[in-house]
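One letter stands for each residue in the lines below.
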Amino acid sequence: MICTEVTPPIPSRTKINNWYQDSSSKRRRIKDSNRVCNPTMVIIGTFMIYRNVIRPLLFMQDAEKVHERTIDLLKVLGPSGFFQILSEGLFKNAGQPIKLWGLTFKNAVGLAAGLDKNGVAIPAWQALGFGFVEVGTVTAHAQSGNEKPRLFRLVKQEAVINRMGFNNVGAVAMAETLKKMRTSFQQLDVPVGINLGKSKVTPLENASDDYVYSLQTLYSVADYFVINVSSPNTPGLRQLQDKPMLNDLLKAVQRKNYELGLTGFGGGKPMLLKIAPDLTEPQIDEVLELMVVHNMNGIIATNTTIDRSSLPSSAPMASENGGLSGKPLQQKSTQVIKYIRKRMGTKLPIIGVGGIFSHQDFMEKMEAGASLVQVYTGLIYEGPALVKKLLAQ
């Protein structure tokens, strides 16, 4: 048995919702007095059910359709008091709060950008135990992204290739969604970051205007921002990592950040940069130099890779264009984290991303120099107990 001494379920869903909203002591009563759970068995049980029953069914279906249906489901379930109570019992983890950039992260594991592109399921991610949530990538203009199919599973390699192309509803629509969410869901208490990208229709020479527009539009609803110049799926985007263009972009973004901070939003927001794992060490040095010049607050290492050297040539889908994530990215991203930490010491906080599937993977990123981590592909393969699994002592 995973849990013992379980009392009969409360018949009224309304009553459960009221208990969740009005009385934390009653939540503790449900969680602590009425059931005694073995955390390790919860992890194992949830993992086995997902891996042996749910995942095979999901993997029989088109990857993007499964993604869309999952987000739609979490959007509905997330605000439910019943779901919040159930998740608190199943997914409450051993993570400790981390203070960084004036924010309190409930634990070190966050959701990477790309899963919740439009920011519609944040309460559900919180309920699943994430210490922070990054939504997007969002662009100034709404766009449909690249042609389908554009999302591929490499199951034997525990990897994903995507060439989504920043499909999203646009900065204005996301701002409205997050404003309503923060007003209606009072228990939202994890930091929310917003990942900003360039609209496909915007020429590279006007990229700064595109990012600045999104920053201004979303400023009041974000806890931190990420400048994404490293996706391989928007034509020319990675050129923004080149020193002259990156210098202009960071200068414009930080100028607007400080301006907005002086107009009543409580000071400039933490500003991070997300880089590719395919940069050479001299290129990383140039990026780090500019981050210091423009007082950037942190770096996310890394985005997906266009390198296929970690895949066997016989791997299905290996020839598909797009960014590769998951296990094949693990060592490459860790090496970038180690290099940044070696160059910058503790002056520049790092969020580590890439191939995090286990507690050992989590510790590898932290020991390499990450202050926080984010997951994406690991969640697809390991299921909803992943955060609890990563933080298990």
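Refer to the structure presented above.
Keep in mind that this is a model prediction, so the values were computed, not measured.

A. Looking closely at the pattern of salt bridges. Applying the stated criterion across every chain yields a total of 17 salt bridges. Across the pair Glu382 and Arg51 runs a salt bridge whose closest N-O atoms are separated by 3.1 Å. Here the residue Glu382 occupies a position in helix 13 (residues 377-382), and Arg51 occupies one in helix 3 (residues 39-59), the gap between them amounting to 331 residues. The exposure class of Arg51 is partly exposed, given its relative accessible area of 26%. A salt bridge links Lys332 to Asp307; the shortest N-O distance between them is 3.3 Å.

B. Summary view of the packing of aromatic side chains. Across all of its chains, the model carries seven aromatic pairs by this definition. For the ring pair Phe59 and Tyr381, a centre distance of 5.5 Å and an interplane angle of 85° mean the geometry is edge-to-face. One end of the pair, Phe59, is in helix 3; the other, Tyr381, is in helix 13, and 322 residues separate them in sequence. Between Phe105 and Phe132, the ring centres sit 5.0 Å apart and the planes meet at 85°, which makes this aromatic pair edge-to-face. Residue Phe105 is located in strand 4 (residues 103-105), and its partner Phe132 is located in strand 6 (residues 132-138); the two are separated by 27 residues in the primary sequence. Three or more aromatic residues link up through ring pairs in this structure, and these residues are Trp101, Phe105, Phe132 and Tyr224. Across the ring face of Tyr219, the terminal group of Lys269 is positioned such that the distance to the ring centre comes to 4.6 Å. Here Lys327 stacks its cationic end above the ring of Phe357, 4.7 Å away from the centre of that ring.

C. Just the packing of helix 10 (residues 281-293) against helix 11 (residues 330-344), in detail. In the contact formed by helix 10 and helix 11, the axes pass within 11 Å of each other and the chain directions differ by 50°. Considered as vectors, helix 10 and helix 11 are oriented oblique to each other. As for how helix 10 packs across helix 11, the hand of that crossing is right-handed. Residues Glu281, Ile284, Asp285, Leu288 and Val292 of helix 10 touch helix 11, and the partners they reach there are Val336, Tyr339, Ile340, Arg343 and Met344.

D. Representation of the nonpolar core within the structure. Membership of the largest hydrophobic core comes to 94 residues, with the highest contact counts inside it found for Trp125, Ile194, Tyr211, Leu218, Leu273 and Ile340. Not counting the four nearest positions on each side in its chain, Tyr211 is found in contact with Leu196, Gly197, Lys198, Ile227, Asn228, Val229, Leu237, Leu240, Leu249 and Val253.

E. Examining the pairing of strand 7 (residues 151-154) more closely. Neither face of strand 7 is open: one carries Leu151 and Arg153, the other Phe152 and Leu154, and all of them are buried. Summarising the sheet, strand 7 and strand 8 (residues 159-162) pair through four bridges and their orientation is antiparallel. Looking at the pairing, Leu151 lines up with Asn162 of strand 8. Count of turn residues in the strand 7/strand 8 antiparallel hairpin: four residues, of which Glu158 carries a positive phi of about 50°.

F. Highlighting helix 12 (residues 359-368). Listed as buried for helix 12 are Asp361, Phe362, Lys365 and Ala368. Looking down the long axis of helix 12, one finds its buried residues gathered within 135° of arc, a one-sided arrangement. Exposed side of helix 12, more than 90 degrees from the buried face: Gln360 and Glu367 are the residues found there. Taken together, the buried residues of helix 12 touch strand 5 (109-111), helix 11, strand 14 (350-353), strand 15 (372-375) and helix 14 (386-391). With its phi angle positive at about 135°, Gly369 sits one or two positions after the end of helix 12.

G. Just the sheet that holds strand 6, in detail. Pairing in this closed barrel of eight strands is parallel, and the strands run 5-6-9-10-11-12-14-15 around the ring. Mean inter-strand twist for the sheet, computed between neighbouring axes without regard to direction, equals 25°. Bridging between strand 14 and strand 15 involves three bridges; their strand directions are parallel. Paired with Val353 across the two strands is Gln374, which belongs to strand 15. Together, strand 5, strand 14 and strand 15 form the strand contacts of helix 12, whose direction differs from that of strand 15 by roughly 140°.

H. Looking closely at a nonpolar patch on the surface. A cluster of nonpolar side chains, Ile49, Val53, Ile54, Leu57 and Met60, forms an exposed patch at the surface whose accessible area comes to about 510 Å². Within the fold, Leu57 resides in helix 3. The class of Leu57 is exposed, set by a relative accessible area of 52%.

What counts as what
- Residues numbered from 1 in each chain as written.
- Predicted model: local features only at pLDDT ≥ 70, side-chain atom pairs only at ≥ 80, totals over all residues.
- Heavy atoms only, no water.
- Salt bridge = Lys/Arg side-chain N within 4 Å of Asp/Glu carboxyl O.
- Helix = DSSP H or I, 4+ residues; strand = E, 2+ residues; numbered from the N terminus.
- Buried < 20%, exposed > 50% of the residue type's maximum accessible area, 1.4 Å probe, protein only.
- Phe/Tyr/Trp six-rings, centres within 6.5 Å; stacked < 30°, edge-to-face > 60°.
- Lys NZ or Arg CZ within 6 Å of the ring centre and 35° of its normal.
- Axes fitted to C-alpha atoms, helices over the stretch in contact; angles between N-to-C directions.
- Parallel < 35°, antiparallel > 145°, perpendicular 65-115°, else oblique.
- Left-handed = near helix turned anticlockwise from the far one by under 90°.
- Contact = heavy atoms within 4.5 Å.
- Core = buried A, V, L, I, M, F, W, Y, C linked by side-chain atoms within 4.5 Å.
- Pairing = 2+ DSSP bridges.
- Arc of directions from axis to C-beta.
- Patch = residues over 30% accessible without salt bridge, like charges linked within 9 Å, V, L, I, M, F, W, Y side chains within 5 Å.
- Areas by Shrake-Rupley, 256 points an atom, 1.4 Å probe, with all protein chains shown as cover.

None of the figures reported here should be taken as evidence of function without further support.
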